[in-house]
Amino acid sequence: MKTIGLVGGTGWVSSLEYYKIINETVNKKCGGLQFPKIILYSVNYGEIYECNQNDDREGVYQIVKKGADTLAKAEVDFIALCANTIHFTYDRLSSEIKLPFVHIADATANAIQEKGISKVGLLGTRETMEMEFYKDRLAQKGIEVITPAKPEREFIHYSIMHELLKEVFLPETKTGFISIMKKLKDQGAEGIILGCTEIPLLIKAEDFSLPLFSTLEIHAETIANFALSL
């Protein structure tokens, strides 16, 4: 069994779920008292938030790289970044750290393709929705991505930063998310990517008529399966 390296704390609420899902997935496959070997490097998200407020992408990169470097020195076999947004660091990070990475967008794209879907709506942080790193990764797999209008993107981003990352899940926020998802459906989305790993803790599959792609669950299960692969 490979040793998993997780860069988490982005935020801690979903990192807890990563740990739970990875353990459950491995145990389901292996049985008995078999569980995965995991080393978690948990960042102080406040430092990342401050960098984002100042458009300091280099600062965010250095925070993520320090976590990945620490995991590499701890002799993990591969690394996963436990958030969608920080995957903007992936290309540079994977060129500087010579370990395999399990990419969240690749795992999500595979799940979308399994459903035979080619056009999806994307919800996430401002950076995930507005930067090209995530959409381009899906486009490489032939998946078209649409995002909400700017005021709705601001609502989603605010809710993530000031509620979900603090484990606050309000019914009125859920209602707002579902309203936005309906608009994406009207624009031709065949499914919705819950592209922040806290969103699946607010929105569940039964809450909406289209397929929902929980990047948290998809990524965590992919990490578990990779740990068991030869």
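Above this text you will find the structure in question.
Residues numbered from 1 in each chain as written. Predicted model: local features only at pLDDT ≥ 70, side-chain atom pairs only at ≥ 80, totals over all residues. Heavy atoms only, no water.

**Student:** In this structure, what is going on with the sheet that holds strand E1 (residues 3-8)? I would like to understand it.
**Tutor:** As summarised here, the arrangement of the three strands in space is E2-E1-E3, forming an open sheet in which the pairing is parallel. Strands at the two margins of the open sheet, each flanked by one partner only, are strand E2 (37-42) and strand E3 (78-81). Ignoring strand direction, the axes of neighbouring strands in this sheet form an average angle of 25°. Pairing geometry for E1 and E2, over six bridges, is parallel. (Pairing = 2+ DSSP bridges. Helix = DSSP H or I, 4+ residues; strand = E, 2+ residues; numbered from the N terminus. Axes fitted to C-alpha atoms, helices over the stretch in contact; angles between N-to-C directions.)

**Student:** I tried to follow the packing of aromatic side chains on my own but got confused; where do I start?
**Tutor:** Remark: the centre distance and the inter-plane angle together describe each pair of aromatic rings, the angle taken between the planes. The final tally for this structure, using the stated rule, is five aromatic pairs. Measuring from ring centre to ring centre gives 6.2 Å for Phe133 and Tyr134, while their planes differ by 85°; the resulting arrangement is edge-to-face. Across this residue pair, the class does not change: Phe133 and Tyr134 are buried. These aromatic residues form a ring-pair network of at least three members: Phe88, Phe133 and Tyr134. The side chain of Lys2 reaches across the aromatic face of Phe226, ending 5.1 Å from its centre. Over the ring of Tyr61 we find Arg92, and its NZ or CZ is 3.9 Å from the ring centre. (Phe/Tyr/Trp six-rings, centres within 6.5 Å; stacked < 30°, edge-to-face > 60°. Buried < 20%, exposed > 50% of the residue type's maximum accessible area, 1.4 Å probe, protein only. Lys NZ or Arg CZ within 6 Å of the ring centre and 35° of its normal.)

**Student:** Even after reading the chapter, I still don't get the packing of helix H2 (residues 45-53) against helix H3 (residues 57-73), so can you show me in this structure?
**Tutor:** Helix-helix packing: each pair is described by the crossing angle between the helix axes and the interaxial distance. Running from N to C, H2 and H3 cross one another at 160°; their axes reach a closest spacing of 8 Å. When the interaxial angle is binned, H2 and H3 end up roughly antiparallel. By crossing handedness, the relation of H2 to H3 is classed as left-handed. From H2, Glu47, Ile48, Cys51 and Asn52 reach across to H3, where they touch Arg57, Gly59, Val60 and Ile63. Considered class by class, the residues forming the contact of H2 with H3 number four nonpolar, two polar and two charged. (Parallel < 35°, antiparallel > 145°, perpendicular 65-115°, else oblique. Left-handed = near helix turned anticlockwise from the far one by under 90°. Contact = heavy atoms within 4.5 Å. Nonpolar A, V, L, I, M, F, W, Y, C, P; charged D, E, K, R; others polar.)

**Student:** Help me understand the side chain of His219 in this model?
**Tutor:** On the secondary structure map, His219 appears in helix H10 (residues 215-228). On the basis of relative accessible area, His219 is assigned to the buried category, the value being 0%. Engagement of the side chain of His219 in a polar contact is seen with the backbone oxygen of Val102, the distance being 2.9 Å. Aside from chain neighbours lying at most four places away, what touches His219 is Tyr18, Ala80, Leu81, His87, Val102, His103 and Ile104. (Polar contact = N/O pair within 3.5 Å; in protein donor to acceptor, adjacent residues only side chain to side chain.)

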